[in-house]
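What follows is each chain in one-letter form.
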Amino acid sequence: QVQLVESGGGLVQTGASLRLSCAASGRTFSAYAMGWFRQAPGKEREFVAAIDWSGGRTDYADSVKGRFTITRDNFKNTVYLQMNSLKPEDTAVYYCATPLAGGSYYYRTEDYRYWGQGTQVTVSS
């Protein structure tokens, strides 16, 4: 059973930084891509960032490019999302996710099979 547990969310002011973590268990972490998504109140869940199995390839939503960085530690079975220069529009519940199979990442929520419970990020103006 694949389990993903996010942590690191919180309430911060505009311009601050946060680092989210997602600890994975239940299968060989290093073989699979990982993604971060977020969902704001009243909005659909949206892609934020993704990383392939090796950490060698990453991609970001335009809205976070240059401010957020996704990394992974395959020895610790953990993926991270470093968020800098946070804005009020970054306020959302952040979820990590991993696909059923494959080391390459995707951009659509329906391509991810396993999800964490989410961690709240609130950025005050």
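This one's a predicted model, so the numbers in the text were calculated from it and none came from an experiment.

(A) Quick peek at the packing of aromatic side chains. Here the structure, examined in full by the defined rule, presents eight aromatic pairs. With centroids separated by 5.8 Å and ring planes inclined at 80 degrees, the aromatic side chains of Phe37 and Phe47 adopt a geometry described as edge-to-face. Highlighted residues: Phe37 in strand 4 (residues 34–39) and Phe47 in strand 5 (residues 46–51), separated in sequence by 10 residues. For Phe37, a relative accessible area of 0% puts it in the buried group. Classification of Phe47 by relative accessible area gives buried; the value is 13%. Put simply, the rings of Phe37, Phe47, Tyr95, Tyr105, Tyr106, Tyr107, Tyr112 and Trp115 pair up and form one aromatic cluster. The ring of Trp115 carries the charged tip of Arg45 above its face, separated from the ring centre by 4.8 Å. A cation over an aromatic ring shows up here: Arg72 above the ring of Phe29, its NZ or CZ 4.3 Å from the ring centre.

(B) Fine view of the pairing of strand 9 (residues 92–98). Burial analysis of strand 9 places six of its seven residues in the buried class, the great majority of the element. Looking at chain direction, strand 4 and strand 9 are connected through five bridges and run antiparallel. Residue pairing in the sheet places Phe37 in a bridge with Tyr95 of strand 9. Pairing analysis gives three bridges linking strand 9 to strand 11 (residues 119–124), with the strands arranged antiparallel. Its bridge partner being in strand 11, Tyr94 is matched across the sheet by Thr119. Note: strand 9 against strand 10 (residues 114–115), two bridges, orientation antiparallel. Residue pairing for strand 10: Thr98 is matched across the bridge by Tyr114.

Cut-off values and rules
Residues numbered from 1 in each chain as written. Predicted model: local features only at pLDDT ≥ 70, side-chain atom pairs only at ≥ 80, totals over all residues. Heavy atoms only, no water. Phe/Tyr/Trp six-rings, centres within 6.5 Å; stacked < 30°, edge-to-face > 60°. Helix = DSSP H or I, 4+ residues; strand = E, 2+ residues; numbered from the N terminus. Buried < 20%, exposed > 50% of the residue type's maximum accessible area, 1.4 Å probe, protein only. Lys NZ or Arg CZ within 6 Å of the ring centre and 35° of its normal. Pairing = 2+ DSSP bridges.

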